[in-house]
Every structure is written in structure tokens, then in C-alpha cells.
Amino acid sequence: MSKKVDLKNLDFNDAGNWPLSMKAAAAALAAVLVLFLAWYLIISAKSDELEALEGREAALRTEFETKQGRASNLEPLKQQLAQMEAMLQQMLRQLPSRTEMPDLIVDVSQTALASGISNELFQPGPEVAREFYAEKPIALRMVGTYHQFGAFVSGVASLPRVVIMTMHDISLKPLETKGGADTGALVLAGTVKTYRYLDEEEVEEAAKTAAPNAGAR
């Protein structure tokens, strides 16, 4: 029969004289403790790092797939952009040129007079150059009937050159007379803007002018 060991009588300061079975048990316990500490301090930390890296990998994979999808559509988008730029240039070329603009303004004024409208004010202002076009403001005050204004709009639309006009701060109200009689005449007052395209030289000049202004912001 094996001799029983009284744990209460073991001297931890004299472990070298412990029974062989107790030494083996103590060594096994120490080994388990070392392995647990190694797992907790090293493997557990690495496990958290691995999970973080796996999450980063998934995010990078999603980002890569997104960019890959964009890259595959890049060439068709470039072609669409080129088509849109060509269409824009074609539309701009339909606008009057720098040399045609003065005659066009005269044509608009003459169309108003031919419609029976009285031009009390028709004053073109200085041009404002944009990136691809220039806008010409015209301050006006016209007096005419509803049908005369309709004939004027129809006449402008029939001009041989494309005319784009936008209205700003426009008021349309009945003509006030001294006796307060209703004459059926209307007063159109405000500012209209018409547009023309810039030639290549003007586009370059506009770009040079815009560059210092952009740098000063």
C-alpha cells in the first residue's frame, strides 16, 4: 500500500525532500500554470490582434472590390464625358459669336418695335465672361399689350441665330395713366440677359483671369 501524504505537514521551504509523487504533482501544476499564463499573455493577445487583422482584411477587400468596380467603369465614363463635352461645344456654337452679338441685339430691339412695343428703355450693359460663354445684361422698359408681347417672343424665337434670354428682376404690370383708364397696355421692366459663346482666344483669356482670382481665395 502506498503511503499517504499529509498535505498539512508539507514544508514548502524544503520541497526537495517531498515525496516523489508530490514533486511530480507540483511540477505538473507548475507546468499547467505556466501554460495558462503563456496563453493568457501571448496567445490571447495575438488572438485579439488576429481578429483585428481579419476585420481590416475584410474592410480592405470591400474597398478593393469597390475600386475595382469603378476602374472597370472608368473607360465608359470617359467616353460619356467626351460625348457630353462634344455636345456642349456643339450647343455653345449655336449661340451668337462675338461679331454677331451687336447685330443680334439690334435685331431683338427691332423685333420689339415691329411687334408694336414701345422701347422706353433698351440699354445693353457690359459683358461678363464666364468659363465657356459670355452674358450680356440688357436693362429694359417696354410698353405694349399682351398680344404684342406674345408676338415679340415669337419673333425673337424666329430669328436666324439661336437667342437665349433669361429674365431677372422683371415686373409686369398695367400701364398707369393720368385718368386711371384701362388702356390694356402693360409695362415690362427689369433686366434680361442674353448669351454668346467665347472663341478659343477668349476662353484662354478668361482662364488666365480666373487663375489669379482662384489663388487669392
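Quick notes on the rules
- Residues numbered from 1 in each chain as written.
- Predicted model: local features only at pLDDT ≥ 70, side-chain atom pairs only at ≥ 80, totals over all residues.
- Heavy atoms only, no water.
- Salt bridge = Lys/Arg side-chain N within 4 Å of Asp/Glu carboxyl O.
- Helix = DSSP H or I, 4+ residues; strand = E, 2+ residues; numbered from the N terminus.
- Buried < 20%, exposed > 50% of the residue type's maximum accessible area, 1.4 Å probe, protein only.
- Axes fitted to C-alpha atoms, helices over the stretch in contact; angles between N-to-C directions.
- Left-handed = near helix turned anticlockwise from the far one by under 90°.
- Contact = heavy atoms within 4.5 Å.
- Nonpolar A, V, L, I, M, F, W, Y, C, P; charged D, E, K, R; others polar.
- Pairing = 2+ DSSP bridges.
- pLDDT = per-residue confidence, 0-100.
- Phe/Tyr/Trp six-rings, centres within 6.5 Å; stacked < 30°, edge-to-face > 60°.

J.: For this particular structure, what's the right way to read the pattern of salt bridges?
T.: Once their charged atoms are close, side chains differing in charge can pair, the charge on each being opposite to the other. One pass over the structure, following the stated rule, counts 6 salt bridges. Residue Glu135 is joined to Lys193 by a salt bridge in which the shortest nitrogen-to-oxygen separation is 3.5 Å. Of this pair, Glu135 sits in strand S3 (residues 133-144) while Lys193 is found in strand S5 (residues 186-197), placing the two residues 58 residues apart along the sequence. Under the relative-accessibility criterion, Glu135 is labelled buried at 8%. Members of the salt-bridge network, linked through shared partners, are Arg130, Glu135 and Lys193.

J.: Where do I start with the packing of helix H2 (residues 101-114) against helix H3 (residues 146-157) in this structure?
T.: Describing two packed helices takes the angle between their axes plus the distance from one axis to the other. Contact geometry of H2 with H3 gives a least axis separation of 9 Å together with a crossing angle of 145 degrees. When the axes of H2 and H3 are compared, the crossing they make is right-handed. Residue-level inspection shows Val108, Thr111 and Ala112 of H2 in contact with H3, the latter providing Phe152, Gly155 and Val156. Looking at side-chain class alone, the contact of H2 with H3 contains 4 nonpolar, 2 polar and no charged residues.

J.: Mind showing me how you'd approach the pairing of S3 here?
T.: Every regular strand shows the same layout, with side chains that alternate between the two sheet faces. Across 6 bridges, the pairing between strand S1 (residues 118-124) and S3 is antiparallel. Bridging from a neighbouring strand, Ser118 pairs with Val143 of S3. Alignment of strand S2 (residues 128-129) against S3, held across 2 bridges, turns out to be antiparallel. Bridging from a neighbouring strand, Ala129 pairs with Ala134 of S3.

J.: It is not clear to me how the confidence of the model for the protein should be interpreted in this structure. Could you clarify?
T.: Reading predicted coordinates in detail is not appropriate for stretches of low pLDDT. Per-chain confidence: the protein averages 79 in pLDDT, with 79% of residues scoring 70 or above. Taken element by element, the protein is modelled with least confidence in helix H4 (residues 200-215), mean pLDDT 68, and with most confidence in S1, mean pLDDT 92.

J.: Where do I start with the packing of aromatic side chains in this structure?
T.: The geometry of an aromatic ring pair is captured by the separation of the ring centres together with the interplanar angle, meaning the angle of the planes. Throughout the structure, instances matching the rule amount to 1 aromatic pair. Judged by centre distance (5.8 Å) and plane angle (70 degrees), the ring pair of Tyr133 and Tyr195 falls under edge-to-face. Taken as a pair, Tyr133 in strand S3 and Tyr195 in strand S5 lie far apart in primary sequence, 62 residues in all.

J.: Quick question: what am I supposed to make of the pairing of S5 here?
T.: A large share of S5 lies buried, amounting to 10 of its 12 residues. Where strand S4 (residues 165-174) and S5 come together, 8 bridges link them in antiparallel fashion. The residue of S5 that forms the bridge with Met167 is Val192.

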